[in-house]
Amino acid sequence: GAGVSQTPSNKVTEKGKYVELRCDPISGHTALYWYRQSLGQGPEFLIYFQGTGAADDSGLPNDRFFAVRPEGSVSTLKIQRTERGDSAVYLCASSLVAGQPQHFGDGTRLSIL
Amino acid sequence: AQSVSQHNHHVILSEAASLELGCNYSYGGTVNLFWYVQYPGQHLQLLLKYFSGDPLVKGIKGFEAEFIKSKFSFNLRKPSVQWSDTAEYFCAVNPLTGGANNLFFGTGTRLTVIP
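Residues numbered from 1 in each chain as written. Chains lettered and ligands numbered in written order. Predicted model: local features only at pLDDT ≥ 70, side-chain atom pairs only at ≥ 80, totals over all residues. Heavy atoms only, no water.

Asker: What should I look at first to understand the pairing of strand β8 (residues 75-79) of chain A in this one?
Answerer: Each regular strand carries side chains that alternate between the two faces of the sheet. Residue and element names in this part refer to chain A. β8 sits mainly inside the fold: four of its five residues count as buried. The sheet contact formed by strand β3 (residues 19-24) and β8 spans five bridges and is antiparallel. The residue bridging valine 19 from the neighbouring strand is isoleucine 79, located in β8. The pairing of strand β7 (residues 65-68) with β8 spans four bridges and is antiparallel. Residue pairing for β8: valine 68 is matched across the bridge by threonine 76. Where β7 hands over to β8, the hairpin turn is made up of six residues, of which glycine 72 adopts a positive phi near 75 degrees. (Buried < 20%, exposed > 50% of the residue type's maximum accessible area, 1.4 Å probe, protein only. Helix = DSSP H or I, 4+ residues; strand = E, 2+ residues; numbered from the N terminus. Pairing = 2+ DSSP bridges.)

Asker: Looking at this structure, I do not really get the side chain of glutamine 102 of chain A. What am I missing?
Answerer: Inspection of the secondary structure assignment puts glutamine 102 of chain A in the loop between β9 (88-95) and β10 (103-104). Take glutamine 102 of chain A: its relative accessible area is 4%, and that puts it in the buried class.

Asker: How should the pattern of salt bridges be read in this particular structure?
Answerer: Per the stated rule, a full pass over the model turns up seven salt bridges over all chains. One network of salt bridges, in which partners are shared, links Lys58, Glu64, Glu66 and Arg77 of chain B. (Salt bridge = Lys/Arg side-chain N within 4 Å of Asp/Glu carboxyl O.)

Asker: Any chance you could explain the interface of chain A and chain B here in plain terms?
Answerer: In many analyses, interface size is given as the accessible surface area lost on bringing the parts together. If you look at the interface, chain A gives 19 residues, while chain B gives 18 residues. Regarding the contact of chain A and chain B, the summed buried area is about 1400 Å², with carbon and sulfur atoms giving 58% of it. One can count zero salt bridges joining chain A with chain B. Between chain A and chain B we count three residue pairs in polar contact (both at pLDDT 80 or more) in total. Of all elements in the fold, only β4 (31-37) and β5 (44-50) of chain A reach the threshold of two or more residues within the side of chain A that touches chain B. (Contact = heavy atoms within 4.5 Å. Buried area = accessible area lost by both parts, 1.4 Å probe. Polar contact = N/O pair within 3.5 Å; in protein donor to acceptor, adjacent residues only side chain to side chain.)

Asker: Help me out: how do you make sense of the sheet that holds β7 of chain A in this one?
Answerer: Each strand in a sheet pairs with another by means of backbone hydrogen bonds, the pair being arranged parallel or else antiparallel. Residue and element names in this part refer to chain A. Strand order in this open sheet of four strands is β1-β3-β8-β7, and the pairing throughout is antiparallel. Two strands bound the open sheet, and with one partner strand each, they are β1 (5-7) and β7. This sheet shows a mean twist of 15 degrees between the axes of neighbouring strands, independent of strand direction. (Axes fitted to C-alpha atoms, helices over the stretch in contact; angles between N-to-C directions.)

Asker: What am I meant to see in the state of the cysteines here?
Answerer: Here, the word disulfide means a covalent bond between the sulfur atoms of two cysteines. Evaluation of the coordinates by the stated rule reveals two disulfides over all chains. One disulfide in the model links cysteine 23 of chain A with cysteine 92 of chain A; its S-S distance is 1.9 Å. Across the disulfide from cysteine 23 of chain A to cysteine 92 of chain A, rotation about the S-S bond amounts to roughly -70 degrees, and the bridge is consequently left-handed. Of this pair, cysteine 23 of chain A sits in strand β3 while cysteine 92 of chain A is found in strand β9, placing the two residues 69 residues apart along the sequence. Residue cysteine 23 of chain A is classed as buried on the basis of its relative accessible area of 0%. The exposure class assigned to cysteine 92 of chain A is buried, which follows from its relative accessible area of 0%. Linked covalently through their sulfurs, cysteine 23 of chain B and cysteine 91 of chain B form a disulfide whose S-S length is 1.9 Å. Judged by the sign of its S-S torsion, about -65 degrees, the bond between cysteine 23 of chain B and cysteine 91 of chain B is left-handed. A residue pair is termed long-range when its members are at least 10 positions apart, and cysteine 23 of chain B in the loop between β3 (19-21) and β4 (24-25) and cysteine 91 of chain B in strand β10 (residues 87-95) qualify at 68 residues. Exposure remark for cysteine 91 of chain B: the relative accessible area of 0% places this residue in the buried category. (Disulfide = S-S within 2.5 Å.)

Asker: For this particular structure, what's the right way to read the nonpolar core?
Answerer: A general tendency of soluble globular proteins is for nonpolar side chains to be buried together. Counting 29 residues, the largest nonpolar core has Trp35, Leu48, Phe74, Leu76 and Tyr89 of chain B as its most contacted members. Within the second largest apolar cluster, 20 residues are counted, among which are Val19, Leu21, Ile26 and Leu77 of chain A. (Core = buried A, V, L, I, M, F, W, Y, C linked by side-chain atoms within 4.5 Å.)

Asker: I would appreciate a short explanation of the side chain of threonine 82 of chain A in the present structure.
Answerer: All names here are of chain A. With respect to the secondary-structure elements, threonine 82 resides in the loop between β8 and β9. We classify threonine 82 as buried; its relative accessible area is 1%. A polar side-chain atom of threonine 82 sits 3.3 Å from the main-chain carbonyl oxygen of glutamate 14. Not counting the four nearest positions on each side in its chain, threonine 82 is found in contact with Thr13, Glu14, Lys15, Gly16, Lys17, Val19, Arg64 and Ile112.

Everything listed here is a matter of coordinates, which is why it stays silent on function.
If you want it as structure tokens, here you go:
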């Protein structure tokens, strides 16, 4: 069966540009999570959606980061005015309901030059 | 600060050796605990989980973990490792206090198994 799908798998862009990262969760999963993983670190929580609403966005580092999930399925993580420090692997995960084990995608490797 | 600690950054073992990877956390209250594995070039996969009940949980591929509440620990074990176990292993905690649903991860332990 299809797992969590993330596109693109790699994104290289210049400092100051805007980027969008897409996550397609497992069908029927109501909870969706975004994490960021820097080299040598474990994933760090960014934001969690229950359905269409952001139930917890406490992990977003600043207001340049924003995420949406307008129809309760696909989610887009948006980063404005990118900085070199934003370079990382951005992971998406979904679970059937909140609190259940999360299933991860392959991630998007974002490189800001 | 609340955290998840994995003290072993890189472990190198020969095939058939026994494995124990440490995980300690500092969150109070009720927690759900997980071990995830990331094989080279693949995504994070769930190895095992603890929600409640028997503190010794068994996962896939012969892995098990023991939750010791008094020590805030959830160590991962395998009696006899194989070359195919070479991967990065992450301990993760979901602190249920306050309604949090996200996972807090340790920094990971890289396991290299030598044939």
